[in-house]
Amino acid sequence: MMTSAWIQIALYLIILILLAIPLGNYIGKVMTGEKVFLSKLIAPIEKVIYKLLKVDVSEEMNWKKYAISVFVFSGIFFVLLFGIQVLQGVLPLNPEGLKNVRWDLAFNTTSSFVTNTNWQAYSGESTLSYFTQMLGLTVQNFVSAAVGIAVLFALIRGFVRVQKKGLGNFYQDVTRIILYILIPLSLVSAVALTSQGVSQNFKAYEQVDLVEPIVLEDGTVIEKGVVPLGPAASQIAIKQLGTNGGGFYGTNSAHPLENPNNVTNLIEMLSILLIPAALCFTFGRNIHDRRQGRAIFAAMFIVLTLATSAIVVNEQMATPQLSQNQTVDLTPHQQAGGNMEGKESRFGIAASSTWTAFTTAASNGSVNAMHDSYTPLGGMIPMILMQLGEVIFGGVGCGLYGMIGFVILTVFIAGLMVGRTPEYLGKKIEPYEMKMAVVLCLATPIAILIGSGIAAIVPSVADSLNNGGAHGFSELLYTYTSAGGNNGSAFAGFNANTIFVNLSTGFSMLFARFAPILATLAIAGSLVKKKKIATGAGTLATHNAMFVGLLIFVIVLIGALSFFPALALGPIAEFFGM
Amino acid sequence: MNVKNKNGFIDRKMLKRAIKDSFIKLSFKTQKENPVMFLVYLSSILTTLLWIASLCGYSDASPVFIFGITVILWFTVLFANFAEAIAEGRGKAQADALRASKRDVEAHRIPSVNRKDQIENVYSTALKKGDIVYVEAGEQIPADGDVIEGAASVDESAITGESAPVIREAGGDRSAVTGGTTLISDWLVIQVTHASGESFLDKMIAMVEGAARKRTPNEIALQIFLIALTIIFLLVTVSLYTYSAFSASLAGIANPISVTSLVALLVCLAPTTIGALLSAIGIAGMSRLNQANVLAMSGRAIEAAGDVDILMLDKTGTITLGNRQACEFIPVDGADMEELADAAQLSSLSDETPEGRSIVVLAKEKFNIRGRNLHELNMEFVPFSAKTRMSGVNLNGLEIRKGAMDAIKEYVEAHGHVYSKECQQVVEEISHKGGTPLIVAKDFKILGVIYLKDIIKQGVQEKFADLRKMGIRTIMITGDNPLTAAAIAAEAGVDDFLAEATPEGKLQMIRDFQAKGHLVAMTGDGTNDAPALAQADVAVAMNTGTQAAKEAGNMVDLDSSPTKLIEVVRIGKQLLMTRGSLTTFSIANDLAKYFAIIPALFMGLYPGLRALNIMHLHSAESAIFSAVIYNALIIIALIPLALKGVKYREVSASKLLTRNLLVYGAGGIIAPFIAVKVIDIIITALGII
């Protein structure tokens, strides 16, 4: 009997759709410059910003210019964030007197936040000052998210515009995304979170008496604990909304001050998928064919639902070891049964599993439970979701443009099978688009395979493992999967803060982020120049159930072909070994 | 083509040649052209080296195992070569035959048309563009050109395969002659349009032989996809080696997988099936077009044919039979039906036009009025003239005339009779129905109207409906007036028509469609068709047409059949479908190969993975062998499909997709599970493993 879990999940998904549709329309309007209810308030601010930054918003950028802007913009923030970390000791807002961050960790964290990955090889409360968190990381949470969304809109314009060159203005796009979309949503979310008890202050950490003193094995009694405080709510709001996922505290949203109760859990969990889901509807609206947006949403939604269900079932059924002699109650009646290791008792199986699916489907990476402690197959699903290329909703913007890469591949194969030169949304798919779509879709598998392949032969990596055997390999695979998927979630148990891991995951994240961006903009630049082909009965429909099914099949097939051997040595071997 | 091999598509000679070519194609240079197969080629070399090393005692697997894998890999390469060679075979045979007709002959060059006496004999290879030559009966035409004086019958069987001679004459749309064809009667003066080496025959040889075959955009895009997959699989196998080393060291044992078995895995995973057959599919597509007697000037044109969604078809010959036929006599002004039929027949007895003959036949069928001899009746035939625009007979001062409405109207009114309202009504009615009214008058009095009807070819309605299902719209091009055209268009079931068509009108129509994003195909033969042919995306020029039309088109139909366009579209679509279907099949195969090889490789490390051996293959080695053998044999098994093309039906895109996905997608997943298991049983039974 898992009825309550199913009802819970269904409710999450319904609320998600109900919120995503209107938000999708709103975003669509904002990005085409139409009036929205916030225009009166924000438009003057927008103007001032353009004036201050001396941006000529009437300038239409071609794809190369757009790409250069993306790289320059991200580059500046890269240098800034790196600088803040290695100098944090002398910078203000550091009540705990935390030291400068080591260079390799600073490089890793910078790459991680600039690429919207938010992989954390550090523990926030013991490594980063409030200054670094707010002016370094939180700022990144906004801008890296905005870059992803901006690139998506360049691609949308590539489909919509006919025989033109311009893809829009990058600086205008980024400004609008931050002002109209990210800041208002974060404000609402942060206020709601604070009202539920999420920390939002600049106080030094507090010492409190423990309710029940802890006695360690050697006899020492611990009576006091340190409670880390700080401006958490404001960062958590955007870390969820911008599919960033970098927690304020080391244990991320499993921490009681980051995610105290079921209300905050619901808000945070829905925030993960809100914008990625809304963008599907925005896509349909802005290309003037809502069916296309719905089809892509359906493909993502189906995979998400299947993945969520698979995790819930596996966690609820737990393992043969746990069920032995009824050591653990596996029935979901009354209280949380099943595999509760690594899960917060205030969330239970359903809310933890759903979060796991959401956070790895979207390239968010925040966690409210420890994935390392999941059952072998329950832990494999999040890995697969990341290995699919983070296209099941995926990161804000980048999930959808990654998905369109897969749509192009699908359209290509399906188009050939019906005897026509493939086309999507009236634009012909030719060798150039194919080349770029292949880069777009395969950057993640390439980053993961190369990263983990090299790590497997570096002797020092074995020391980072928490476990041996197949589970040990899963820890390694998860780490590089998370980096290569720009996800950022951790399997836990794996000590990532070594020079090799910091550098290798750092480069992996940069490659997996910027190669697809370049490819996407190149596709947009090529499509925008093309004419639109008329559609007819001979045209392959890209909005029906058939196509949705085929799209899912292609995504899963490419994922399976790339990672079946790796998964066989990790979770699958572990599962059959139980 | 004069070498048609329609029955058995492979004969013994071609087979021998293909086998020989498979080995010639083993050269490094040829292999480099095909990236996927090049990987197999390199893998074969690698395992050969590993085998040699194993004989010297350096190895991570048994020499017998390495040898076995090596042999199968080399066969995989050879099979791919064979597929290409057999596809080229037909083309080569055609090219040989064409070369035979491309002899160097003596040409009689003359300085100008008026100086036929000043003949200078030169070799045909020395002729330049613009030279004027004189050709007599029995001689071979030395070069491509336009007839500028004379008329003659020419045997063009060397090129078209059609043995009946054709007329070539100066001026008009039948002025083009092709080098290598033979003059049967009379003489011609020809102006050379193409020097030797650039002639139609040269182009034809290059095309059928595949020498001029460039990869088409679509093929390149597919190639990119296949290369990307290959790179991924290369990374998968290399990283698998390190994963395995890592896992083994955690377990404290030696790395369980050998380089040879990894290479075997790589070759199995790489899309070798489609990689091996890709060029064969392209060549075979071209070859199918050649067999339909259509010569494409580029592979690109064939692909474009698959994309076409507008067909502009000439009415005459494509939609209707060439001639109109009488189908009804309608008496007016109180005249007698039989009298009308009789008069109509009399006026047509000596009219040798098809329309005239059909009137005689109709009268005979309906009223049993027999054809009579004019001389016996003492009648005088009055043939049609541009001045009177009527024809008929005179019988002792009695005049019977038939003609178009306005001509007869003028004729009867001039003799003091009236052109009645009733008659006008009938005439209009017939026009509305798409027919042509002919009025018959006897003794300056109108008897009635003959209804001449365009006869729609049998089965065209169905054909157009099928095309519509595929998303292809048909446009009828006709010189008729809009009223008639509309009626015929409705009856034939075309989607649209262009009436009173002029070359400019056609060109404009093509441009309009293209601006809306359509791809347009058309056929044409006249010089005035050239601009429209040049503008169309797929332009099939008739071989009987002028040089200008042939130059403007991107295909030449040697049969000069106006319905060929539909066939061309079919071949184009079939070519793309074959590529797509075999790609799907090839990738879908990988699933079974994983289930064969992965448990085989790691059962030692993690015994639990035995559960993945769902085919229950005999042993690790037999599993790997079975997968690799399947991988090689499937290439041979699919050669016939690659050459013939996948089955094609005129249905909508989504139906086609469903069907092909079911056959090649689902089939591609299931088939190898069965085949690998069968191979495993066989090789185990034979005791090879």
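Not measured: the values here are computed from a predicted model.

**Q** I'd like to hear about the overall build of chain B, residue by residue, with values.
**A** Secondary structure summary: chain B contains 25 helices and 22 strands in total. Computed over C-alpha atoms, the radius of gyration of chain B comes to 34 Å, more than 25% over the 26 Å expected from 2.2 N^0.38 for 689 residues, which places it beyond the range of a compact globule. In terms of its C-alpha atoms, chain B occupies a principal-axis envelope of roughly 120 × 65 × 45 Å. Relative to its full complement of 689 residues, chain B shows a buried share of 55%. Long-range contacts, defined as pairs at least 24 residues apart, comprise 69% of the intrachain contacts of chain B with a sequence gap of at least 6. When the 66 basic and 72 acidic side-chain charges of chain B are each reduced to a single mean position, those positions are 8 Å apart.

**Q** Outline a nonpolar patch on the surface, supporting the account with residue identities and numerical values.
**A** A contiguous nonpolar patch, built from Ile670, Ile674, Val678, Ile682, Leu686 and Ile688 of chain B and spanning about 590 Å² of accessible area, is present on the exposed surface. Within the secondary structure, leucine 686 of chain B is located in the segment after helix H25 (653-685).

**Q** I'd like a description of the pairing of strand E3 (residues 132-136) of chain B, backed by residues and values.
**A** All names here are of chain B. Extensive coverage of E3 is indicated by the burial of four of its five residues. Bridge count between strand E1 (residues 106-110) and E3: three bridges; the pairing is antiparallel. Within E3, the residue paired with arginine 109 across the bridge is valine 133. Across five bridges, the pairing between E3 and strand E9 (residues 187-194) is antiparallel. Following the sheet pairing, valine 133 is matched in E9 by isoleucine 190.

**Q** Before we move on, can you summarise the sheet that holds strand E11 (residues 310-314) of chain B with the specific residues and values?
**A** All names here are of chain B. Sheet architecture is open: seven strands sit in the order E10-E22-E21-E20-E11-E18-E19, paired in mixed fashion. The open sheet has two edge strands, strand E10 (294-296) and strand E19 (496-498), and neither has a second partner. When the angles between neighbouring strand axes are averaged without regard to direction, this sheet yields 20 degrees. Here strand E18 (residues 473-477) runs beside E19; their pairing, made up of three bridges, is parallel. Within E19, the position partnered with isoleucine 475 by the bridge is aspartate 496.

**Q** Mind laying out the pattern of salt bridges, listing which residues take part and the relevant values?
**A** Across all of its chains, the model carries 31 salt bridges over all chains by this definition. The shortest N-O distance in the salt bridge between arginine 291 of chain A and aspartate 289 of chain A comes to 3.1 Å. Overall, arginine 291 of chain A belongs to the partly exposed group, its relative accessible area being 40%. For aspartate 131 of chain B, the salt bridge goes to arginine 109 of chain B, with nearest N and O atoms at 3.0 Å. Here arginine 109 of chain B lies in strand E1 and aspartate 131 of chain B lies in the loop between strand E2 (120-123) and E3, a separation of 22 residues in the sequence. Relative accessible area serves as the criterion here: at 14%, aspartate 131 of chain B is assigned to the buried category. For arginine 109 of chain B, a relative accessible area of 18% puts it in the buried group. Within this structure, Glu430, Glu433 and Lys530 of chain A form a network of salt bridges that share partners.

**Q** Now, about the environment of aspartate 557 of chain B: what can you tell me, with residues and values included?
**A** Residue and element names in this part refer to chain B. In this structure, aspartate 557 sits in strand E22 (residues 555-557). When the C-alpha atoms of aspartate 557 and serine 199 are compared, they prove to be 16 Å apart, with 358 residues separating the residues in sequence. Filtering out sequence-adjacent residues up to four positions away, aspartate 557 remains in contact with Asn293, Val294, Val540, Ala541, Met542, Asn543 and Lys564. In this structure the side chain of aspartate 557 is engaged in a polar contact, spanning 2.8 Å, whose partner is the side chain of lysine 564.

**Q** Describe the interface of chain A and chain B, listing the residues and the values that go with them.
**A** Contacts between the two partners involve 58 residues from chain A and, on the opposite side, 59 residues from chain B. Overall, the association of chain A and chain B removes approximately 5,100 Å² of surface from exposure, summing both partners, and the carbon and sulfur fraction of that is 78%. On the chain A side of the interface with chain B, the three residues burying the most area are Met417, Leu561 and Leu569 of chain A, jointly 15% of the side's total. At the junction of chain A and chain B, the tally comes to one salt bridge. A salt bridge links lysine 428 of chain A to aspartate 307 of chain B, with the nearest nitrogen and oxygen atoms 3.7 Å apart. Viewed at the interface, chain B and chain A are joined by 10 residue pairs in polar contact (both at pLDDT 80 or more). The dominant element in the side of chain A that touches chain B, judged by the number of residues it contributes, is helix H18 (residues 545-577) of chain A, at 15 residues. Considering only residue class, the side of chain A that touches chain B consists of 43 nonpolar, nine polar and six charged.

**Q** So, the sheet that holds strand E4 (residues 144-149) of chain B: which residues are in play, and what are the values?
**A** All names here are of chain B. Within the open sheet, the six strands sit side by side as E2-E1-E3-E9-E4-E7. Their pairing is antiparallel. Looking at strand neighbours, the two that pair on one side only are E2 and strand E7 (176-177), the edges of this open sheet. Note: E4 against E9, five bridges, orientation antiparallel. Within the sheet, the bridge partner assigned to aspartate 144 lies in E9 and is histidine 194.

**Q** Describe the packing of aromatic side chains, naming the residues involved and giving the relevant values.
**A** For any pair of aromatic rings, the description consists of the separation of the ring centres together with the inter-plane angle of the planes. Summed over all chains, the structure comprises 32 aromatic pairs over all chains. A centroid spacing of 5.4 Å and a plane angle of 50 degrees characterise the contact between phenylalanine 564 of chain A and phenylalanine 595 of chain B, whose relative ring orientation is tilted. Of this pair, phenylalanine 564 of chain A sits in helix H18 while phenylalanine 595 of chain B sits in helix H23 (residues 590-602), each in a different chain. Given the relative accessible area of 17%, phenylalanine 595 of chain B is considered buried. Three or more aromatic residues link up through ring pairs in this structure, and these residues are Tyr66, Phe73, Phe77, Phe170 and Tyr171 of chain A. When the ring centre of tyrosine 374 of chain A is taken as origin, the NZ or CZ atom of lysine 343 of chain A, which lies over that ring, is 4.0 Å away.

**Q** Any details on the packing of helix H8 (residues 259-269) of chain B against H23 of chain B? Residues and values, ideally.
**A** All names here are of chain B. It is the contact of H8 with H23, at a shortest axis distance of 10 Å, that shows an interaxial angle of 170 degrees. With respect to their mutual orientation, H8 and H23 come out roughly antiparallel. Residues Ser261, Leu265, Cys268 and Leu269 of H8 pack against Asp590, Lys593, Tyr594, Ile597 and Leu601 of H23. Residue composition of the contact of H8 with H23, grouped by class: six nonpolar, one polar and two charged.

**Q** Can you lay out the confidence of the model for chain B for me, pointing to particular residues and giving the numbers?
**A** All names here are of chain B. Chain-level pLDDT for chain B is 85 on average; 96% of the residues reach the 70-or-more range. This stretch, residues 1-8, has a pLDDT under 50; its non-local contacts, to residues over four places away or in other chains, come to 22 contacts. Scored as a complex, the prediction yields pTM 0.86 and ipTM 0.92.

**Q** Run through the packing of helix H14 (residues 398-417) of chain A against helix H17 (residues 499-527) of chain A, naming residues and quoting values.
**A** Residue and element names in this part refer to chain A. Here H14 crosses H17 at 60 degrees, and the two axes come no closer than 11 Å. Considering the angle they form, H14 stands oblique to H17. Considering the relative orientation of H14 and H17, their crossing is left-handed. Of H17, the residues touching H14 (which contributes Cys398, Tyr401 and Ile408) are Arg513, Pro516, Ile517, Thr520 and Ile523. For the contact of H14 with H17, a count of residues per class yields six nonpolar, one polar and one charged.

**Q** How would you sum up the side chain of asparagine 81 of chain B? Please name residues and give values.
**A** All names here are of chain B. The residue asparagine 81 is located in helix H4 (residues 63-101) in this model. Taking relative accessible area as the criterion, asparagine 81 reaches 7% and is therefore assigned buried. A polar atom in the side chain of asparagine 81 sits 3.1 Å from the side chain of glutamine 31.

**Q** Explain unusual backbone geometry to me, and be specific about the residues and the numbers.
**A** Look at leucine 425 of chain A: it is not a glycine, yet its phi comes out positive at around 50 degrees. As for its placement among the helices and strands, leucine 425 of chain A is situated in the loop between strand E3 (423-424) and strand E4 (427-428). In this structure, asparagine 293 of chain B is a non-glycine residue whose phi angle is positive, near 65 degrees. Assignment of secondary structure puts asparagine 293 of chain B in the loop between helix H9 (272-291) and E10.

**Q** Account for the environment of phenylalanine 625 of chain B, naming residues and giving values.
**A** For phenylalanine 625 of chain B, the position within the fold is in helix H24 (residues 620-644). Each C-alpha atom of the pair phenylalanine 625 of chain B and methionine 615 of chain B lies 14 Å from the other, and the pair is 10 residues apart in sequence.

**Q** Give a detailed account of helix H7 (residues 170-195) of chain A, specifying residues and quantitative values.
**A** Residue and element names in this part refer to chain A. Spanning 26 residues, H7 covers 36 Å between terminal C-alpha atoms, matching the ideal 38 Å at 1.5 Å per step. By the largest-angle criterion, isoleucine 178 marks the main kink of H7, which is about 35 degrees. Where H7 ends, the next residue or the one after it, glycine 197, has phi of about 105 degrees, a positive value.

**Q** Could you give me a rundown of the side chain of histidine 518 of chain B, with the residues and numbers involved?
**A** Structurally, the position occupied by histidine 518 of chain B is in the loop between helix H19 (503-515) and strand E20 (520-524). Among residues more than four places away in sequence, those in contact with histidine 518 of chain B are Ala534 of chain A together with Asp309, Ile310, Arg473, Phe513 and Asp537 of chain B.

**Q** Please give an account of helix H9 (residues 262-286) of chain A that cites residues and values.
**A** All names here are of chain A. The terminal C-alpha atoms of H9, which comprises 25 residues, lie 36 Å apart, in line with the 36 Å expected from a rise of 1.5 Å per residue. Bending of H9 peaks at approximately 35 degrees at the position of leucine 274, with proline proline 276 no more than four residues after it. With respect to burial, H9 is a largely interior element, 21 of its 25 residues being buried. Sitting at the head of H9, asparagine 261 places a side-chain oxygen 3.0 Å from the backbone nitrogen of valine 263.

Conventions adopted
- Residues numbered from 1 in each chain as written.
- Chains lettered and ligands numbered in written order.
- Predicted model: local features only at pLDDT ≥ 70, side-chain atom pairs only at ≥ 80, totals over all residues.
- Heavy atoms only, no water.
- Helix = DSSP H or I, 4+ residues; strand = E, 2+ residues; numbered from the N terminus.
- Rg over C-alpha atoms; globule rule 2.2 N^0.38 Å.
- Buried < 20%, exposed > 50% of the residue type's maximum accessible area, 1.4 Å probe, protein only.
- Contact = heavy atoms within 4.5 Å.
- Lys, Arg positive; Asp, Glu negative; His and termini not counted.
- Charge placed at Lys NZ, Arg CZ, Asp CG, Glu CD.
- Patch = residues over 30% accessible without salt bridge, like charges linked within 9 Å, V, L, I, M, F, W, Y side chains within 5 Å.
- Areas by Shrake-Rupley, 256 points an atom, 1.4 Å probe, with all protein chains shown as cover.
- Salt bridge = Lys/Arg side-chain N within 4 Å of Asp/Glu carboxyl O.
- Pairing = 2+ DSSP bridges.
- Axes fitted to C-alpha atoms, helices over the stretch in contact; angles between N-to-C directions.
- Polar contact = N/O pair within 3.5 Å; in protein donor to acceptor, adjacent residues only side chain to side chain.
- Buried area = accessible area lost by both parts, 1.4 Å probe.
- Nonpolar A, V, L, I, M, F, W, Y, C, P; charged D, E, K, R; others polar.
- Phe/Tyr/Trp six-rings, centres within 6.5 Å; stacked < 30°, edge-to-face > 60°.
- Lys NZ or Arg CZ within 6 Å of the ring centre and 35° of its normal.
- Parallel < 35°, antiparallel > 145°, perpendicular 65-115°, else oblique.
- pLDDT = per-residue confidence, 0-100.
- Left-handed = near helix turned anticlockwise from the far one by under 90°.
- Expected span 1.5 Å × (residues − 1).
- Bend = angle between axes of the 7 residues up to and from the residue.

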